Amino acid sequence: ALVNNAGVGFQTSPGDAAALLNVNLLGPKRVSEAIFPLIDPAAGRIVNVSSGAASMWLRSQSAATKELFTSRSATWEQLAAAVEELAPAASMGGYGLSKAALTAYTLQQAAAHPNLTITSLSPGYIKTAMTAGSGARLTPEQGTVSMMRCLFGEVTSGYYYG
């Protein structure tokens, strides 16, 4: 199994969405592509750690963007082009966009690898160094509930849990 838990948050420099996207979206994509040949084709799992910020960001987007970001048939090229176009104006320094794109990429992974179980999730708003002083209430242990289910429980490939 692979857990893509890469993430940088809101404290990125203004206009630095590219650096945030490099970690939050392209990092999991690169690692997944490197690991695919090594994952057990009969029982392999990939869990992409997304965020509730993904749906918060997507909620305010156009119908066409919502369709693209929730489509199993969208291509990586379509998603990457949309991300590039949307990044300069993205709220939260691009954080919500990066996690929405990761969730969309999860749909693509699940469609391309139907023999694997590939999910995305939100662990919740966890008290970490990244969220210090912002009202996070969940302990790191509480934040593992969705991850443990996606790794070991009965889940549907391509779904978002949280």
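Values in this document were obtained by computation on a predicted structure and should not be read as measured data.

Visitor: Even after reading the chapter, I still don't get the nonpolar core, so can you show me in this structure?
Guide: It is characteristic of soluble globular proteins that their nonpolar side chains tend to be buried jointly. With 28 residues, the main nonpolar core has Leu21, Leu25, Trp57, Phe69, Leu79, Val83 and Leu97 as its most contacted residues. Of all elements in the fold, only helix 1 (17-35), helix 2 (52-59), helix 3 (63-69), helix 4 (76-86) and helix 5 (95-112) reach the threshold of two or more residues within this core. Looking at which element gives the most residues to this core, the answer is helix 5, with seven residues. Leave out the neighbours within four places in its chain, and Leu79 touches Leu68, Phe69, Ala101, Ala104, Tyr105 and Gln108. Counting residues in each nonpolar core, the second largest holds eight residues, with Cys150, Leu151, Val155 and Tyr161 among its members.

Visitor: When you look at unusual backbone geometry in this model, what are you seeing that I'm missing?
Guide: Backbone phi values are negative for most residues with the exception of glycine, while trans is the configuration of most peptide bonds. Of note in the backbone geometry, Met92 takes a positive phi value of approximately 55 degrees without being a glycine. Mapped onto the fold, Met92 is located in the loop between helix 4 and helix 5. For Met92, a relative accessible area of 30% puts it in the partly exposed group.

Visitor: Hey, could you run me through the environment of Ile39 in this one?
Guide: Its location among the elements puts Ile39 in the loop between helix 1 and strand 2 (45-49). Residue class for Ile39 comes out buried when judged on its relative accessible area of 9%. Taking C-alpha positions, Ile39 is 6.7 Å from Ala1, a pair spaced 38 residues apart along the chain. Once residues lying within four places of it in the same chain are set aside, the contact partners of Ile39 are Gly44, Arg45, Ile46 and Leu116.

Visitor: What is the right way to look at the side chain of Asn24 in this model?
Guide: Structurally, the position occupied by Asn24 is in helix 1. In terms of polar contacts, Asn24 uses its side chain to reach the backbone amide nitrogen of Val8, at 2.8 Å. Side-chain polar atoms of Asn24 contact the side chain of Ser98, separated by 3.1 Å. The residues touching Asn24, leaving out its near neighbours within four places in the chain, are Ala6, Gly7, Val8, Tyr95, Ser98, Lys99 and Leu102.

Visitor: Would you take a moment to explain the packing of aromatic side chains for this structure?
Guide: One pair of aromatic rings is described through two measures. These are the centre distance and the angle between the planes. The tally for this structure, following the rule as stated, stands at three aromatic pairs. When the ring of Trp57 is compared with that of Phe69, the centres are 5.3 Å apart and the planes differ by 55 degrees; the resulting orientation is tilted. Of this pair, Trp57 sits in helix 2 while Phe69 is found in helix 3, placing the two residues 12 residues apart along the sequence. With relative accessibility at 3%, the residue Phe69 sits in the buried group.

Rules used throughout
Throughout this description, residue numbers start from 1 for each chain and increase along the sequence as written. Local features in this predicted model are restricted to residues whose pLDDT is 70 or higher, and side-chain atom pairs enter the listing and the counts only when it is 80 or higher, whereas totals over whole chains, interfaces and linings include all residues. Calculation of side-chain values draws on the structure's entire complement of heavy atoms; hydrogens and water are dropped beforehand. In this text, buried Ala, Val, Leu, Ile, Met, Phe, Trp, Tyr and Cys residues form a nonpolar core when linked through side-chain atoms within 4.5 Å. Between buried and exposed lies partly exposed: a residue is buried under 20% and exposed over 50% of the maximum accessible area for its type, with that area taken using a 1.4 Å probe on protein chains only. Going along the chain from the N terminus, every DSSP run of H or I of four or more residues is numbered as a helix, and every run of E of two or more is numbered as a strand. Pairs of residues are marked as contacts when any of their non-hydrogen atoms sit within 4.5 Å. By the criterion applied in these results, polar contacts are pairs of N or O atoms within 3.5 Å in which, for protein atoms, one can donate a hydrogen and the other can accept it, and in which residues neighboring in sequence qualify only through two side-chain atoms. A pair of aromatic rings is counted whenever rings of Phe, Tyr or Trp (Trp by its six-membered ring) have centres within 6.5 Å, and the orientation is called stacked for planes under 30 degrees apart, edge-to-face for over 60 and tilted otherwise.

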